[in-house]
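# A structural walkthrough
Given next are the chains, with one letter for each unit.
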Amino acid sequence: MGGEGSSVTNGARVVHEDMCHFCFDVLYHELTKQPIPTASLYEPNIPDAAFPLFVTWQTRHGSDKRLRGCIGCFSDLPLHTGLQNYALTSALQDTRFSPIGLPELPSLFCSVSLLTNFEDGSDYLDWEVGRHGIRISFVTNDGRRRGATYLPEVATECGWDHVEAIDSLLRKGGYKGKITEATRESIELVRYQSEKLTVHHDEWVKARQARGLSPPVCR
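Small disclaimer: the values here were computed from a predicted structure and weren't measured.

### Things to note about the pattern of salt bridges
Applying the stated criterion to the full structure yields 11 salt bridges. Put simply, Glu 181 and Arg 184 hold a salt bridge, and the shortest N to O gap is 3.1 Å. On the criterion of helical spacing, the pair formed by Glu 181 and Arg 184 is a turn pair, its members being 3 residues apart in helix H5 (residues 181-186). With relative accessibility at 13%, the residue Arg 184 sits in the buried group. Within the structure, one salt-bridge network assembled from shared partners comprises Asp 25, Arg 208 and Arg 211.

### Here's the deal with the packing of helix H1 (residues 17-31) against helix H6 (residues 201-210)
Where H1 meets H6, the closest approach of the two axes is 10 Å, and the angle between their N-to-C directions is 90 degrees. Judged by the angle between their axes, H1 and H6 are roughly perpendicular. Each of His 21, Phe 24, Asp 25, Tyr 28 and His 29 in H1 lies in contact with H6, whose residues at this interface are His 201, Glu 203, Trp 204, Ala 207 and Arg 208. Of the residues that constitute the contact of H1 with H6, the class distribution is 4 nonpolar, 3 polar and 3 charged.

### Quick word on the sheet that holds strand E5 (residues 145-150)
To summarise the sheet geometry, strands pair through backbone hydrogen bonds and adopt either a parallel or an antiparallel arrangement. Spatially, 6 strands are ordered E2-E1-E3-E6-E4-E5 in an open sheet, and the strand pairing comes out antiparallel. Where the open sheet ends on each side, the last strands, each with one partner, are strand E2 (64-78) and E5. Adjacent strand axes in the sheet meet at a mean angle of 25 degrees, parallel and antiparallel pairs treated alike. Here strand E1 (residues 50-61) pairs with strand E3 (residues 108-120) via 7 bridges, running antiparallel. If you follow Trp 57 over to E3, its bridge partner there is Cys 110. Strands in contact with helix H4 (residues 162-172) are strand E4 (133-139), E5 and strand E6 (188-200); relative to E5, the strand with the most contacts, it is inclined by about 125 degrees.

### Quick look at the nonpolar core
Core analysis: the largest hydrophobic core is formed by 36 residues, its most contacted members being Trp 57, Leu 83 and Leu 105. For this core, the secondary structure elements donating two or more residues are H1, E1, E2, helix H2 (79-92), E3 and H6. A total of 8 residues in this core trace back to one element, the largest contributor, which is H1. Once residues within four sequence positions are removed from consideration, Leu 105 is found in contact with Phe 24, Leu 27, Tyr 28, Leu 31, Ile 100, His 201, Trp 204 and Cys 218. Counting 25 residues, the second largest nonpolar core, distinct from the first, contains Phe 138, Leu 189, Val 190 and Tyr 192.

The rules behind each value
Residues numbered from 1 in each chain as written. Predicted model: local features only at pLDDT ≥ 70, side-chain atom pairs only at ≥ 80, totals over all residues. Heavy atoms only, no water. Salt bridge = Lys/Arg side-chain N within 4 Å of Asp/Glu carboxyl O. Helix = DSSP H or I, 4+ residues; strand = E, 2+ residues; numbered from the N terminus. Buried < 20%, exposed > 50% of the residue type's maximum accessible area, 1.4 Å probe, protein only. Axes fitted to C-alpha atoms, helices over the stretch in contact; angles between N-to-C directions. Parallel < 35°, antiparallel > 145°, perpendicular 65-115°, else oblique. Contact = heavy atoms within 4.5 Å. Nonpolar A, V, L, I, M, F, W, Y, C, P; charged D, E, K, R; others polar. Pairing = 2+ DSSP bridges. Core = buried A, V, L, I, M, F, W, Y, C linked by side-chain atoms within 4.5 Å.

What follows is the structure, given as structure tokens:
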């Protein structure tokens, strides 16, 4: 499977909470029609390095979180522009959800996932639940090649084993036929890992205030 990034960390953790703070800043400025800030303001915590990445928005619902948007890219992207672009794309253009509105910000969590250590799996079982994200490629009943991915935390959060995760991912990718063992064995699988951090709105507000910025007005 082509198109995946080749980023491999050398043991030093790259993801930083300021990446989530920056995504909040970008979304807030977009929704309030202010100039979009640049990630260079957060250096060195947001280095100008390149990684495949995903930005995820969730909203608080009682004691639980509900997905509000999640979009990313498997190609290596410069963090400065990649975080800015996908902060907005995941919040406003995920077709599974309506665009996030300004009044929702106080309930939001933002997660940044930097994807690393891409490896071809030998079969659909060649990955570890809770450690690996998976990206699959398969051919649909009408002969079209389709693909889909789950980030490393998804299978654990949903309580899935390998087969349940693969079957769900096939459906997510648009496979509508009966899923058999032969179907599963026909897929191509790439496993990967991620560095992930999550920040709530209130933590972002404190970070803004620590930088001498006024608190956001979310109404």
